[in-house]
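Close look at the chain arrangement
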Amino acid sequence: AVAAALKAAECLIYTDVDGVYTTDPRVVSEARRLKTVTFEEMLEMASLGSKVLQIRSVEFAGNYRMPTRVLSSLTDPLMPLEEEANSGTLISFEEDTHMEQATITGIAFSRDEAKITVMGVPDKPGIAFQILGPVADANIEVDMIIQNVSHDGKTDFTFTVPRADYEKALKVIDGAKATLGAASVTGDNKVSKVSVVGVGMRSHVGIASQMFRTLSEEGINIQMISTSEIKISVLIDEKYMELAVRALHKAFGLEQG
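Along each chain, the written sequence defines residue order, and numbers are assigned to residues from 1. Whole-chain, interface and lining totals are the exception, using all residues; otherwise, since this is a predicted model, local features are given only for residues with pLDDT of at least 70 and side-chain atom pairs are given and counted only at 80 or more. Note that the side-chain values use all heavy atoms of the structure and ignore hydrogens as well as water.

Turning our attention to the pairing of strand 5 (residues 106-122). A simple rule labels every residue: compare its accessible area, found with a 1.4 Å probe on the protein chains alone, to the largest value its type can have, and call it buried under 20%, exposed over 50%, or partly exposed in between. Think of it this way: any DSSP run of H or I at least four residues long counts as a helix, any run of E at least two long counts as a strand, and we number them from the N terminus. A large share of strand 5 lies buried, amounting to 14 of its 17 residues. Of the strand pairs in this sheet, strand 5 and strand 7 (residues 154-162) are connected by eight bridges, and their pairing is antiparallel. Bridging across to strand 7, K115 finds its partner in T160. A pair of strands is considered paired only if DSSP assigns at least 2 bridges between the two.

So, on to the environment of L74. One can find L74 in the loop between strand 3 (68-72) and helix 4 (81-85). Since its relative accessible area comes to 67%, L74 is described here as exposed. For L74 and T15, which are 59 residues apart along the polypeptide, the C-alpha to C-alpha distance reads 8.3 Å.

As a further point, take the packing of aromatic side chains. Planes of paired rings set the category: under 30 degrees apart is stacked, over 60 is edge-to-face and the rest tilted, where pairs are Phe, Tyr or Trp rings (Trp by its six-membered ring) whose centres lie within 6.5 Å. Enumeration according to the criterion identifies three aromatic pairs in this entry. Seen in terms of ring centroids, F60 and Y64 are 6.1 Å apart; in terms of plane orientation they differ by 0°. Their pairing is stacked. Under the relative-accessibility criterion, F60 is labelled partly exposed at 29%. Pairing F157 with F159 gives two aromatic rings, centres 6.3 Å apart and planes at 55°, and the pair type is tilted. Taken individually, F157 and F159 each receive the classification buried, so the pair is uniform in this respect.

Salt-bridge detection follows one rule: a side-chain nitrogen of Lys or Arg within 4 Å of a carboxyl oxygen of Asp or Glu. Summed over the entire model, instances satisfying the criterion amount to nine salt bridges. Among the salt bridges present, the one from R26 reaches D24, with a minimum N-O distance of 2.9 Å. Relative accessible area serves as the criterion here: at 18%, D24 is assigned to the buried category. One continuous salt-bridge network, built from bridges that share partners, spans E40, R202 and E229.

Right, let's get into the sheet that holds strand 5. Reading across from one edge, 6-7-5-8-10-9 is the order of the six strands in this open sheet, with antiparallel pairing throughout. The open sheet terminates on both sides in strands that have one partner only, identified here as strand 6 (145-147) and strand 9 (224-228). Across this sheet, the average inter-strand angle for adjacent strands is 25°, counted without regard to direction. Where strand 8 (residues 184-197) lies against strand 10 (residues 231-237), seven bridges are found, and the strand directions are antiparallel. Paired with K193 across the strands is L235, a residue of strand 10. In what follows, a contact means two residues having at least one pair of non-hydrogen atoms within 4.5 Å. To get an axis, fit a line to the C-alpha atoms, keeping to the stretch in contact for a helix; angles then go from 0 to 180 degrees between the N-to-C directions. Across the sheet, helix 2 (residues 39-47) is in contact with strand 5, strand 8, strand 9 and strand 10; its angle to strand 8 comes to roughly 150°.

This is how it looks when you write it as C-alpha cells:
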C-alpha cells in the first residue's frame, strides 16, 4: 500500500529466504527458486500453507497492481542494487508475462489440518447451515467440505478445520448432534492438505488425473478433494504428507524448470 502511494516501480520485501520456491526446500531438496510467479498463484500458495508472504500483503499488492519482489535480508550488504533487484522472485500479473506459463508452478502443503464427519444427518434443505452455522459462530474457519449422496433420506457431512480448533469444533458439533438428528460424530486430527498450484492448469488437461495417479502409485489414499481454477487440493493421512509432496514435485518435473 505504501509502495503504491509512492508510485514505486516495485515493492521489495526482504524475508529470511531468497525467494519463492516450487515447494519447501526442507521437504524437497531439489526445490527450485522461481524467477516469477503470478499474484493469483502466490495468493493460492500463501492461503494453502506457503509461509513466504502473508496473505494480506499479497492481497494489497494485487489490489494496487504493485509488482512485488521477494528478496533475502541475508544477502551481502555490498551487493550492487541493480544485481539485488534482479534476484529473488518477482510477483507480477499473468498478462505481464510473455512466455507460456508452466502447467504447475508449485506444491503447497499444510500440516495443521483436522477433519470432522457428521454421520447420518437428515438430507434436507438447510442442513449444511445447521451444521456449519454453530462452527462459524464459534469463530472457527472451515476449509474443505464434502456432503455425500443421500441414502434413505440420510447423508454424511465432512469438513476440515485448523488443527488448533479441532477440539473446540468437535465440542460444538457434539453439542448440536441431537438438534441435527445426527447418528454420530467422528473426527481425525492427523491429516494434512497437499495442493498443486499453477495458472497453466487453465489451458492444460489431465492435471487431476496425473496427480491422483501419482498418489495412487505411492499407496496414498485421498480422503477429500477441493479444486479451483488454478489449484487442486487433497486431504491425506499426515504420515504421507512429505512423501506426497516429493512424489508430486517429481511427477510434474518442477525441479527441471
